[in-house]
Each structure stands twice: as structure tokens, then as C-alpha cells.
Amino acid sequence: MWVWKVRTSVDLAVAGAGPGGLYAAAVALKRGLTVHVFDKKTAIGAPVKCGEYFPVREEMEYLLPSAGDYMHVFDVPRESVDNVCKKIRVISPRGREYEFDFKAFVLDRATLEQVVAENVKKLGGTIELRTPVDLFHGDDKILVGRDKTNAVEAKAVIAADGFPSKVAKSAGILTPDYMTPNNVAINYERLMSALHVDQSVTEMYLGTKYAPGGYGWIIPKGKGIANVGIGIRTSFSKRDDGKQYLEYFLHKSPLTKEKLDGGTLGPMIADVLPVDGPLARTYSEHVMAVGDAAGMVMPTNGGGIATAMITGEIAGEVAADHIQNGISLSEYEQRWKRVMGREMHVSTELRRLADHFMGSDFVFHLLLRFLGTQGIKDVITCRAPMILRPII
């Protein structure tokens, strides 16, 4: 049970005990800062609102070639890995398949976060659960807490509280112009068991009947279990209730019905994700936003665990440099851009380009045929296909 003494003043306050917040806390503690982490959940790692897909280190070295200093984050504990996928299979709206090699872990994300949280505890950090927080100012102090009277004073703050981030909004980092229907995906997912699906292949399904503006997925976790879900954008949706798209994907789509029939449905989870790349600015005078809170989700694949870990580590380093050496928090943005700025930009531009085709299943099917297997792999791995490089 996570019941740790709450401090009234720390060097660094972290809002959110997901991968980004916990990795930031661990780095800052190693640098000698005092750290307090808040999270609104009742338990570390639960509920899981995630596909849990996590590329292995060698794939991330290809995907983010400038992130060498942070590749150690992909050496996750073995007990946090449920399955290893070896391929990705993309299915067009008309059922044409494109398959390529891509190795990834399918995580037990709750276990991963619990392991990292234990490390934060061992390093001297404190974690306060059941506490949704906001940012407050008073008497030249920066306060983070449920309210002003139950807040912790901090010299720096990391917003790792997901999307849309309350702390980033209060800091002026998350602005209304980002919060448009085209920039935000709504995800619906069920954990299914007793399935007869290939446990070595992750499948991505594209089509307006079940995933307008996004895609559907079957991510196998081993032993006949899989995360099955869809991501949609309301700017492309024609139904008032997004859950109806998931029901169609699970029970009626001719592309998935047979392989999902007979599976046992677990509880449905829903979440929102930013899909227009990083926020225009990811820091303020006292606050840095990481992971989903900063828009750090790769728009052409929806991946956010890896980028949360990396931006979390960078923010933890910069927090220490800021408090110990007086550097500006603007250094955080400069560092993450050197590590993944190009890839995030390319992925964002590719998603915006794809928007011109995604409204029509026939046209999008033709686009996928035009790109071919290598071009599709390029898009998913945040690279401009050769034919598109002059305009990206």
C-alpha cells in the first residue's frame, strides 16, 4: 500500500505517476533533488488505459537515431513484459494486408510502473495517491496540490498528468488552439481473452466504419489475450456515441468478426490522446510538460510510452540543472528537440497529409497501395516515404 509521508516543501513536484512522471522523479532524485509525486489514481499503474505496445531497443535506435543517451529506458524489467511481437500487419479498409518485421514488447504496464515507483521510493522520493492536483501561485511561491491549503511548495514542477493536462493548462502551456476535434483522438479498448489470434503479430486496421480518423488494433499479450481497441477523431466521426464504433469492430466488421468471435470481453476503458504533435511550447518559467501532457505522442502510430520516458528523463535532468545551476527551463525544449524533434515533426506532417485521404475508404485504400509496404512502414516509424520527401 502506497502511504508515504507528504512533504510541505520540495525541490521538484511531479504531477502524475505514469512513465513520464516516474522516470523524471527517479532522475531528479539521483541528481540530489527532493521530489514529491502526485497521482489521482488509487493505485500505481491502475487502471491501464493503453495498448501497452513498446518497441524494443534496436527498433527505437532506428526510430529515434538521435536518442542514444536515453536508450537505456528501453531495457525494461523482464517481469513487466507479457509478450514479444515480431511483426506489424496493416489492413486497408478493403482488406488488403501489408506486413513487415518490427519487434516490440507488449507490456504489463501496471507492473512496469510499480517497479519504477518502488525505485523512486528507494531513492527517497514520496508519492501521494488519490490526489488530483493543479498549479497555484501565492506569495511568490509555486504550489502544487488539490487546493492551496493542501499543497506542496516547489521550486520546479513537471506536468505528467496526461492529456489534457490540468497543470500544463494552468501554466499556460496547453492552450485552447490545440484542443480541436482534429487534434484529439478518443480511444476505446477492451482486454480480451480466449482469442485465436497470431500472438506474434500486431494488427492495425484502417477504415471509417470502425475507426474514422484513426485506426483499430489487436495487440496480443500472449496466451490468447489481446488489447483490442479503436482510436477515432470526432472530426471524422458520423456517430454520436464513439463506443458504437468499437462494438462494430468487435462484432460486425468482416475483417475482424471471425477472429474475435468467441473471445471473452473484459471491461471497456476510454481515454483521449493528443495526435497533432508536441505543444507549441512545452515549458514555462517554473513548469515542464512531459509525455501526453506535452503532446508527445507519435501521430502516425499513437505511441506514447517511449516518448514519455525520454521526455521524463530529460525534464528530470533539466530540473536538477535549473535548481542547482540556475539554467532556464527552456533548456528542456532544446534538449528534447535535439533527441526527437525531427521525428515528431515528420510524423505530425504525415498525419496532417493523411487527413486529406482518410474520409474515404476507397481513396485511403488506394493511398496505401500507392505507398506499398515499405512506404507504410516509413510512415509508422515517423519517416517520410521516398515519394513524399519533397513535400514533408
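Refer to the preceding data block for the structure.
Report on the accompanying structure. The shown structure was predicted, so the numbers you read here are calculated from the model rather than taken from an experiment.

1. Quick word on the pattern of salt bridges
When the charged atoms of two side chains with opposite charge come close together, those side chains can pair. Under the criterion given, the structure shown has 26 salt bridges. The shortest N-O distance in the salt bridge between Lys 259 and Glu 203 comes to 3.0 Å. Of this pair, Lys 259 sits in helix H6 (residues 257–260) while Glu 203 sits in strand S11 (residues 201–205), placing them 56 residues apart in sequence. A relative accessible area of 27% means that Lys 259 is categorised as partly exposed. A single salt-bridge network, built from bridges that share partners, covers Arg 31, Glu 317, Asp 321, Glu 331, Arg 335 and Arg 338.

2. Looking at the pairing of strand S12 (residues 215–222)
Burial within S12 is extensive, with 7 of its 8 residues counted as buried. Of the strand pairs in this sheet, S11 and S12 are connected by 3 bridges, and their pairing is antiparallel. In the sheet register, Met 204 faces S12, and the bridge partner there is Trp 217. Where S12 meets strand S13 (residues 225–232), 7 bridges bridge the pair, whose relative direction is antiparallel. Looking at S13, one finds that Pro 220 is bridged to Ala 226. Here S12 hands over to S13 after 2 residues, with Lys 223 in that stretch at a positive phi of 60°.

3. Focus on the sheet that holds strand S14 (residues 264–274)
With respect to topology, 8 strands assemble into an open sheet ordered S3-S5-S4-S11-S12-S13-S10-S14, the strand pairing being mixed. Each edge of the sheet is formed by a strand with only one pairing partner; in this case those strands are strand S3 (53–55) and S14. Going from strand to strand, the sheet's axes swing by 30° on average, the running direction of each strand aside. Pairing of strand S10 (residues 184–193) with S13, which is carried by 7 bridges, proceeds in the antiparallel orientation. Counted as the bridge partner of Ile 186 is Ile 232 from S13.

4. Points about the environment of Gly 229
By the element assignment, Gly 229 lies in strand S13. Judged by its relative accessible area of 0%, Gly 229 is buried. With 136 residues separating them in the primary sequence, Gly 229 and Pro 93 have C-alpha atoms 16 Å apart. Those residues within four positions of Gly 229 in sequence are excluded, and the remaining contacts are Tyr 188, Glu 189, Tyr 215, Gly 216, Trp 217, Leu 246 and Phe 249.

5. Notes on the packing of helix H1 (residues 19–30) against helix H7 (residues 305–325)
Their axes nearest at 7 Å, the elements H1 and H7 cross at an angle of 30°. Classified by the interaxial angle, the pair formed by H1 and H7 is roughly parallel. When you trace H1 past H7, the crossing you get is right-handed. The residues of H7 that touch H1, namely those facing Pro 19, Gly 20, Tyr 23, Ala 24, Val 27 and Ala 28, are Ile 305, Ala 308, Met 309, Gly 312, Glu 313, Gly 316 and Glu 317. Along the lines of polarity and charge, the residues of the contact of H1 with H7 split into 8 nonpolar, 3 polar and 2 charged.

6. Looking at the side chain of Lys 221
One can find Lys 221 in strand S12. Here Glu 52 takes part through its side chain, which lies 2.8 Å from a polar atom of the side chain of Lys 221. Among the polar contacts made by the side chain of Lys 221, one reaches the main-chain carbonyl oxygen of Leu 107 at a distance of 2.8 Å. Lys 221 has contacts with Glu 52, Asp 82, Asn 83, Val 106, Leu 107, Asp 108, Leu 191, Gln 199, Ala 226 and Asn 227, leaving out every residue within four places of it along the chain.

Calculation criteria
- Residues numbered from 1 in each chain as written.
- Predicted model: local features only at pLDDT ≥ 70, side-chain atom pairs only at ≥ 80, totals over all residues.
- Heavy atoms only, no water.
- Salt bridge = Lys/Arg side-chain N within 4 Å of Asp/Glu carboxyl O.
- Helix = DSSP H or I, 4+ residues; strand = E, 2+ residues; numbered from the N terminus.
- Buried < 20%, exposed > 50% of the residue type's maximum accessible area, 1.4 Å probe, protein only.
- Pairing = 2+ DSSP bridges.
- Axes fitted to C-alpha atoms, helices over the stretch in contact; angles between N-to-C directions.
- Contact = heavy atoms within 4.5 Å.
- Parallel < 35°, antiparallel > 145°, perpendicular 65-115°, else oblique.
- Left-handed = near helix turned anticlockwise from the far one by under 90°.
- Nonpolar A, V, L, I, M, F, W, Y, C, P; charged D, E, K, R; others polar.
- Polar contact = N/O pair within 3.5 Å; in protein donor to acceptor, adjacent residues only side chain to side chain.

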